[in-house]
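# Overview (structure and organization)
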Amino acid sequence: MTISTSLLTVLMVLQPGGPEAASPPKPIVLKAARLFDGKSDALLPNGMVIVEGKTIKAVGAGLSIPDGATVIELGDSTLCPGFIDAHTHLTHERTADYNQGFVDSMRREVAEQAILSTVYARRTIEAGFTTVRDVGSDD
């Protein structure tokens, strides 16, 4: 099982810590059996990610857990960085019938395309992509 940074994204959004927060946010530590750090081909055992507020403070194997941190044990999982898709189309997707899909997309108003793009963006995040370059969307 692979845990992507979409989990980190959710944690960081839910974590208090804006300018109005009186005290610093409580650190969150994600622990998993393995970590792919993107720097080498090997998986590191005992992977950890330390999140403080909306910032990833540390990523590595066997890190020191900060005092008062919430530790989330992910068991036999692999932590990995978010992936980048450099060629996406977030306002539409291909269908089995290309011609019908083309006609359908031409009939959609900009607002409807925007609403549908949230579905496509969610699929992209859930697939482990945290950064995209949208090269084919209209409006």
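Note that the structure is predicted; figures quoted are calculated from it, not measured.

## Quick word on the overall build of the chain
- For the chain, the count of helices and strands is 3 helices and 8 strands.
- Split into buried and exposed, the 139 residues of the chain put 26% on the buried side.
- Considering only intrachain contacts with a sequence separation of at least 6, the fraction spanning at least 24 residues in the chain is 66%.
- Entry remark: accessible area of the chain is about 9,100 Å², with carbon and sulfur atoms responsible for 56%.

## Some thoughts on the confidence of the model for the chain
- Looking at the chain as a whole, its pLDDT mean stands at 82, while 84% of the residues score no less than 70.
- Counting interchain partners and residues more than four positions distant, the pLDDT-below-50 stretch residues 1-6 has 18 contacts.

## Side note on the environment of G53
- In this structure, G53 sits in the loop between β3 (44-52) and β4 (55-61).
- Sequence separation of G53 and P24 is 29 residues, and the distance between their C-alpha atoms is 7.6 Å.

## A word on unusual backbone geometry
- Backbone geometry places N46, a non-glycine residue, at a positive phi of 55 degrees.
- Note that N46 resides in strand β3.
- The exposure class assigned to N46 is exposed, which follows from its relative accessible area of 52%.

## Overview of the side chain of T78
- Relative to the assigned elements, T78 resides in strand β6 (residues 78-79).
- The buried category is assigned to T78, whose relative accessible area is 11%.
- There is a polar contact of 2.9 Å between the side chain of T78 and the side chain of R34.

## Let's talk about the nonpolar core
- Counting 8 residues, the largest nonpolar core consists of I28, L30, A32, L35, V49, V51, L74 and L79.
- Elements that contribute at least two residues to this core include exactly β2 (28-35) and β3.

## Things to note about the packing of aromatic side chains
- Inspection of the entire model under this criterion finds 2 aromatic pairs.
- Taking the centre distance of 6.4 Å and the plane angle of 65 degrees together, the rings of F83 and F129 count as edge-to-face. Highlighted residues: F83 in strand β7 (residues 83-88) and F129 in strand β8 (residues 129-134), separated in sequence by 46 residues.
- With a relative accessible area of 34%, F83 lands in the partly exposed category.
- Its relative accessible area of 26% is what places F129 among the partly exposed residues.
- Plain terms: the ring middles of Y98 and F102 are 6.4 Å apart, the flat faces sit at 25 degrees to each other, and that makes the pair stacked. On the criterion of helical spacing, the pair formed by Y98 and F102 is a turn pair, its members being 4 residues apart in helix α2 (residues 98-107).

## A closer look at helix α3 (residues 110-126)
- Relative to the 24 Å expected for 17 residues at 1.5 Å per residue, α3 spans 24 Å between its end C-alpha atoms, a close match to the ideal helical length.
- Buried within α3 are the following residues: Q113, S117, Y120 and T124.
- As for α3, its buried residues are in contact with α2 and β8.
- In the stretch just after α3, G128 is the one whose phi turns positive, near 105 degrees.

Calculation notes
Residues numbered from 1 in each chain as written. Predicted model: local features only at pLDDT ≥ 70, side-chain atom pairs only at ≥ 80, totals over all residues. Heavy atoms only, no water. Helix = DSSP H or I, 4+ residues; strand = E, 2+ residues; numbered from the N terminus. Buried < 20%, exposed > 50% of the residue type's maximum accessible area, 1.4 Å probe, protein only. Contact = heavy atoms within 4.5 Å. Areas by Shrake-Rupley, 256 points an atom, 1.4 Å probe, with all protein chains shown as cover. pLDDT = per-residue confidence, 0-100. Polar contact = N/O pair within 3.5 Å; in protein donor to acceptor, adjacent residues only side chain to side chain. Core = buried A, V, L, I, M, F, W, Y, C linked by side-chain atoms within 4.5 Å. Phe/Tyr/Trp six-rings, centres within 6.5 Å; stacked < 30°, edge-to-face > 60°. Expected span 1.5 Å × (residues − 1).

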